[in-house]
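Summary of the model geometry
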Amino acid sequence: MKYLLFPIAALWSLLPQTMQAQSVGASTQVGIYSPTYTDLSDVKQEVAGKGFLSLGAMYDIKFGKSGKIVVPVILSYSRFGSEQNFGENQIMTHDANAVSLGGGLKYFMKDDNTTFRPFVGLLLNYEALLNSTYYYDAQQSGDLDWNSNLYAQLQAGVGIETSSNTRLDVYALFSPGLLNRVDEDTYGTYQDQIIGLGVNILFN
């Protein structure tokens, strides 16, 4: 949690103290989870990523009269996983569920009285709760010794303002994991990233 709070607090201190409005809404993200695993012998192991799905609740805070600067706060649930081959017919499947807390900064390039508003965003998401399991040869299963990760998330897209005080954000996202998923002294280095698309709907 400490990895998340300090950057958000720093961003907050840089914002103009002229909060204009707040919005609440929902977010969904879909994409591809891509891991990279290097074992203790410094040999890269082949690990294939699976799909990524995230559903979340959002709270947006607008700053300034134009509404160009927005601070989103997000509570989300996500599912993702990977597969690792140990032979022609031996496959280990990894599945994970996480509850994440996130926040950051979004900058819209046009005022909020404009219908189409391109934006870029930088967010941080920390997995506050993580449950991960493995399945091996459809006979063995158990808890997977994965650590929670902290993701940076880069967003680029367009916000669509409607006459009913509703904003729809459609965007592409890239989320590199900033921490090692596994204990380095025991397993080596397991790093991951997510590439996908997202949609937010927010109500003033």
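These remarks concern the structure in this document.

Rules behind the numbers
Residues numbered from 1 in each chain as written. Predicted model: local features only at pLDDT ≥ 70, side-chain atom pairs only at ≥ 80, totals over all residues. Heavy atoms only, no water. Helix = DSSP H or I, 4+ residues; strand = E, 2+ residues; numbered from the N terminus. Polar contact = N/O pair within 3.5 Å; in protein donor to acceptor, adjacent residues only side chain to side chain. Contact = heavy atoms within 4.5 Å. Buried < 20%, exposed > 50% of the residue type's maximum accessible area, 1.4 Å probe, protein only. Core = buried A, V, L, I, M, F, W, Y, C linked by side-chain atoms within 4.5 Å. 1 Å grid on protein atoms, 1.4 Å probe; cavity = no way out; pocket = protein on both sides within 12 Å on 5 of 7 lines; lining within 4 Å. Points joined across faces, edges and corners; volume = space filled by probe spheres on them. Nonpolar A, V, L, I, M, F, W, Y, C, P; charged D, E, K, R; others polar. Salt bridge = Lys/Arg side-chain N within 4 Å of Asp/Glu carboxyl O. Pairing = 2+ DSSP bridges.

Things to note about the side chain of Asp-60
The residue Asp-60 is located in strand E4 (residues 51-63) in this model. Here Arg-167 takes part through its side chain, which lies 2.7 Å from a polar atom of the side chain of Asp-60. Here Asp-60 is in contact with Ala-21, Gln-22, Ser-23, Val-70, Val-71, Pro-72, Arg-167 and Leu-202, once residues within four sequence places are set aside.

Looking at the side chain of Gln-153
Along the chain, Gln-153 falls in strand E9 (residues 150-161). Taking relative accessible area as the criterion, Gln-153 reaches 4% and is therefore assigned buried.

With respect to the nonpolar core
Core analysis: the biggest nonpolar cluster contains 18 residues, and Tyr-33, Phe-52, Phe-80, Trp-146, Tyr-190 and Ile-194 have the highest contact counts within it. Looking at this core, the elements that each hand over two or more residues are strand E1 (19-38), strand E5 (69-85), strand E6 (91-108), strand E10 (166-176) and strand E11 (189-203). Per-element accounting of this core gives the leading share, three residues, to E6. Non-local contacts of Tyr-190, meaning those with residues more than four positions away in its chain, are made with Tyr-33, Pro-35, Thr-36, Tyr-37, Val-47, Ser-82, His-94, Trp-146, Leu-179, Asn-180, Arg-181 and Val-182.

With respect to empty space enclosed by the protein
Applying the stated criterion across every chain yields a total of two cavities of 30 Å³ or more. In this structure, the largest cavity is lined by 21 residues; those nearest its centre are Gln-29, Phe-52, Ser-54, Ser-76 and Asn-125. Contributions of two or more residues to the lining of the largest cavity are made by E1, E4, E5, strand E7 (116-136) and E9. Each residue belonging to the lining of the largest cavity can be placed in one class, and the counts come to seven nonpolar, twelve polar and two charged.

Some words on the pattern of salt bridges
Overall, the coordinates contain eight salt bridges when judged by the stated rule. Here Asp-60 and Arg-167 are joined by a salt bridge, their closest N and O atoms 2.7 Å apart. Remark: Arg-167 occurs in strand E10 and Asp-60 occurs in strand E4; sequence separation between them is 107 residues. The burial state of Asp-60 is the same as that of Arg-167; both residues are buried. When the shortest N-O distance is used, the salt bridge between Arg-167 and Asp-169 registers 2.9 Å.

Describing the layout of surface pockets
Of the volumes computed, that of the largest pocket is approximately 270 Å³. Lining of the largest pocket is provided by 14 residues; of these, Gln-84, Met-92, His-94, Leu-144 and Tyr-187 occupy positions nearest its centre. Residues of the lining of the largest pocket, tallied by class, amount to nine nonpolar, three polar and two charged.

Considerations on the pairing of E6
Inspection of the sheet shows E5 paired to E6 by 15 bridges, in the antiparallel sense. The residue of E6 that forms the bridge with Ile-74 is Gly-102. Pairing between E6 and E7: 17 bridges, direction antiparallel. Along E7, the bridge assignment pairs Met-92 with Tyr-136.

By themselves, these figures tell us nothing about what the structure is for.
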